[in-house]
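Structure assessment
If you want the building blocks of each chain, they are given just below.
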Amino acid sequence: MDKPVCLIDTASDGKLCVQQSALQVLEQIQQPVVVVAVVGLYRTGKSYLMNRLAGKQTGFALGSTIESKTKGIWMWCVPHPTKPGTTLVLLDTEGLGDVDKGDSVHDTRIFSLAVLLSSTLVLNSRGTIDNRILTELTEYIKIKSPDEVVDDGEFVKFFPSFIWAVRDFTLQLNIEGKDATEDEYLEFALKLKLGNSIQVNNYNLPRECIRKYFPSRKCFTFPFPTNPDNVSYLETLDPAEISKRFLEVTNRFCQFIFDQSQVKNLKDGHTVTGRVLGHLVKTYVDTIASGAVPCLENAVIAMALIENEAAFQEGLEVYQSGMEKLKNSFPLELNEITSEHQCFSLMATQTFMKRSFRDSDGKFLTSLEFDRYLQDNEKASEAKCESLLSVLSEPMTERINQGFYATAGGYDLFCQDLEDIVNQYNTLALCQTRGMMLLDLSPSLNLQHVFLLEQEIKAQEERQRQLKEKMVIEEQNNEERVRQVIQKMEEEMSFQQQETQRAMDSKLREQAALMEKGFQEKANKMSSEIEQLRRNNKEVEDRKSREFAQMIADQERRNAQNLEVLRQQHRQQMEAINSRPRPSSRGCSIQ
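Residues numbered from 1 in each chain as written. Predicted model: local features only at pLDDT ≥ 70, side-chain atom pairs only at ≥ 80, totals over all residues. Heavy atoms only, no water.

As for the environment of Pro160
Definition in use: Strands are runs of DSSP state E lasting at least two residues, helices are runs of H or I lasting at least four, and both sets are numbered from the N terminus onward. Contacts are assigned to residue pairs that have any heavy atoms within 4.5 Å of one another.
By the element assignment, Pro160 lies in the loop between α4 (137-140) and β7 (161-166). Once the C-alpha coordinates of Pro160 and Ser118 are considered, the two residues, 42 residues apart in sequence, prove to be 6.1 Å apart. Apart from the residues lying within four places of it in its own chain, the contact partners of Pro160 are Val115, Ser118, Ser119, Thr120, Leu121, Phe214 and Pro215.

Written as structure tokens, this is what we have:
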């Protein structure tokens, strides 16, 4: 994108709506995305920082008046400067607290969407952290459906990392007479006050939200960028007119985001691509427009359905596109077609596994069936054999009709001609013998039955050999499919454990800080949250283990059923071969 586009706007009825053109942009992005959103009061320079992250001087609108320039949420997708194969998605949000708008609910919804969609949230403000919107987040975001009670301590598992960009910072980084870093200043700004008065609670609440909900936090203090008279024209200024200190902090800010901001992940660890981000945007905005509260769990369920269906189609496309290239060459030898079938079916399964998630009942995986092309090859083989036999047998059929063999010595000539036809057929036919010689032999010679019996026995033996090969290949495919299922499950379980550990580490750090500052009651409450988090994680792991075990058992049961069908066919063919009388050695014998 060479410039930003509006992603979320406000319709004439006041409800939020998604711009279809922006969704079309996201739909084309198949790469993982790092999503950085900036929020804060209007006219505090948010858009300038986002332009710098995009590597541009201009792009997101910078207003030169007290009017809020950005409306809704605007998006700019650019190649990630330090992570190849990744797209950096920048979200510039409408300024909060616009007096002309005067709608605090609208502000909270914009803020909530920025939290839900981003992997890094930048809070841009001047001097203090006192935004009441932070205290309302849990009212506008739910982890599970509203009727399920969930500890709000769970938010830390799913919220983005937090960066505080302090603008127009004029103070010395000095705390209690000692030099301090920007991060130490952040911790100082987040320091809680002792007491339970309304004033103390109002002061502590937004700080507690940041400490409790966001898994990591970072601070950058920006001095005045230039002479106050030039601030409104920052994007057009020559770098020499901008404070070196301001540019230095800006560069550090950008580099930190490039290096440390993570790819956006869904709950349960599924990597978010541009396409998935588009689905998330629409899901959340439609939910808000309906008057409901966005729910992380419901969004994941909706995404799983969409992504698994798409993964199924992608896997099918991989197999079909590979086999279609071979179709013009049908019929192929059995070993060649089965080798290609095995290769493309495994590639299709890998493609499905890469994109799918939460296919816990194996519904989509088991729908990936790849028998049609084998059947098409067999039909092409039969058609070719019939056509070849028809052509080869035409002269002999004509001789039979003319009574050529109904003379003295005709028997020997018949056997010789018949043997010549079979030898030519076996040389030319790159397909299985079917015993379908279309000869209208003279009943007086009574040799048709002998010939057809020999050919049918050979055909059955050939089918038997093919069936054995198919059973071996099917068993190999089943083993590989189970291996991929187990690998997928282990990856999901590993992410679940990492997600929980990240939340646990954050809470343990917060608990230690509370105890150090004398907030014993809050530290004790944090202990309860940590213990609840452990119990919840154990329940999730146990549930997932049961689901995975059931999925593998179901997969193995289906595999066993498929193999049993093949074995039954094998037994029936063996019985048919053994029950057939062998042709007498007397008379013609075609080898």
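Comments concerning the pattern of salt bridges
For clarity, the threshold we go by: Throughout this description, the term salt bridge denotes a Lys or Arg side-chain nitrogen within 4 Å of a carboxyl oxygen of Asp or Glu. Burial classification: accessible surface area is computed with a 1.4 Å probe over protein chains only, and a residue below 20% of its type maximum counts as buried, one above 50% as exposed, and the rest as partly exposed.
A complete count under the given rule lists 18 salt bridges for this structure. A salt bridge links Asp183 to Lys218, with the nearest nitrogen and oxygen atoms 3.0 Å apart. With Asp183 in helix α5 (residues 182-189) and Lys218 in strand β10 (residues 217-221), this pair connects stretches of sequence that are 35 residues apart. A relative accessible area of 28% places Asp183 in the partly exposed class. In this structure, Glu187 and Arg217 form a salt bridge, with 2.8 Å as the shortest nitrogen-oxygen distance. Separated by 30 residues along the polypeptide, Glu187 in helix α5 and Arg217 in strand β10 bring together distant segments of the chain. Exposure remark for Glu187: the relative accessible area of 31% places this residue in the partly exposed category. The class for Arg217 is partly exposed, based on a relative accessible area of 24%. Each of Glu182, Arg245, Glu248 and Arg252 takes part in one network of salt bridges that share partners.

Side note on the sheet that holds strand β1 (residues 5-10)
Applicable threshold: The rule for pairing is simple: two strands pair if DSSP sees at least two bridges between them. In this description, a line fitted to the C-alpha atoms serves as the axis of each element, helices being fitted only across the stretch in contact, and the angle between N-to-C directions of two axes falls anywhere from 0 to 180 degrees.
The sheet built from 8 strands is open, its strands ordered β2-β1-β4-β5-β3-β6-β7-β10 with mixed pairing. In this open sheet, the two strands that pair with only one neighbour each are β2 (16-18) and β10. With strand direction ignored, the average angle separating the axes of adjacent strands in the sheet is 20°.

A word on the packing of aromatic side chains
Quick note on the threshold: Two rings from Phe, Tyr or Trp (for Trp, the six-membered ring) form a pair when their centres are within 6.5 Å of each other. A pair whose planes differ by under 30 degrees is stacked, one over 60 is edge-to-face, and the rest are tilted. A positively charged side chain is recorded as over a ring if its NZ (Lys) or CZ (Arg) lies within 6 Å of the ring centre. The angle to the ring normal must also be within 35 degrees.
Applying the stated criterion across every chain yields a total of 14 aromatic pairs. Plain terms: the ring middles of Phe404 and Tyr405 are 5.3 Å apart, the flat faces sit at 80° to each other, and that makes the pair edge-to-face. Here Phe404 falls in the partly exposed class, since its relative accessible area comes to 33%. Linked through ring pairs, Tyr48, Phe220, Phe222, Phe246, Phe253 and Phe256 together constitute an aromatic cluster. Between the NZ or CZ atom of Arg167 and the centre of the ring of Phe222, over which it lies, the distance is 5.3 Å. Positioned over the ring face of Phe220 is Lys218, at 5.7 Å from the centre of the ring.

Description of helix α12 (residues 410-428)
Worth spelling out the cut-off: The span expected for a helix works out to 1.5 Å for each residue beyond the first. Each direction from the helix axis to a C-beta atom contributes to the arc, which is the arc of those directions.
Taking 1.5 Å of rise per residue, 19 residues should cover 27 Å, and α12 covers 27 Å from first to last C-alpha, within 8% of that figure. For α12, the set of buried residues is Gly410, Phe414, Cys415, Asp417, Leu418, Ile421, Val422 and Tyr425. Angular distribution of buried residues about the axis of α12 spans 170°; they occupy a single face of the element. Residues of α12 that are exposed and point over 90 degrees away from its buried face: Asp412 and Thr427.

Considering the side chain of Ser161
Here is the rule: Polar contact criterion, stated in full: a pair of N or O atoms within 3.5 Å, where within protein one must be able to donate a hydrogen and the other to accept it, and residues adjacent in sequence count only if both atoms are side-chain atoms.
Here Ser161 lies in strand β7. Engagement of the side chain of Ser161 in a polar contact is seen with the side chain of Thr120, the distance being 3.1 Å. Other than its neighbours up to four places away in sequence, Ser161 contacts Ser119, Thr120, Leu121, Pro215 and Ser216.

Points about the side chain of Asn204
Within the fold, Asn204 resides in helix α6 (residues 198-213). Residues within four places of Asn204 in sequence aside, it is in contact with Leu192 and Lys193.

As for the state of the cysteines
As used in these notes, a disulfide is a covalent bond between sulfur atoms, one from each of two cysteines. The test is simple: The definition used for a disulfide is geometric: two cysteine sulfur atoms within 2.5 Å.
For the coordinates displayed, the defined rule picks out 0 disulfides. Note on Cys6: no disulfide assigned, nearest cysteine sulfur contributed by Cys17 at a separation of 7.6 Å. Of the residues examined, Cys6 reaches a relative accessible area of 13% and is grouped as buried.

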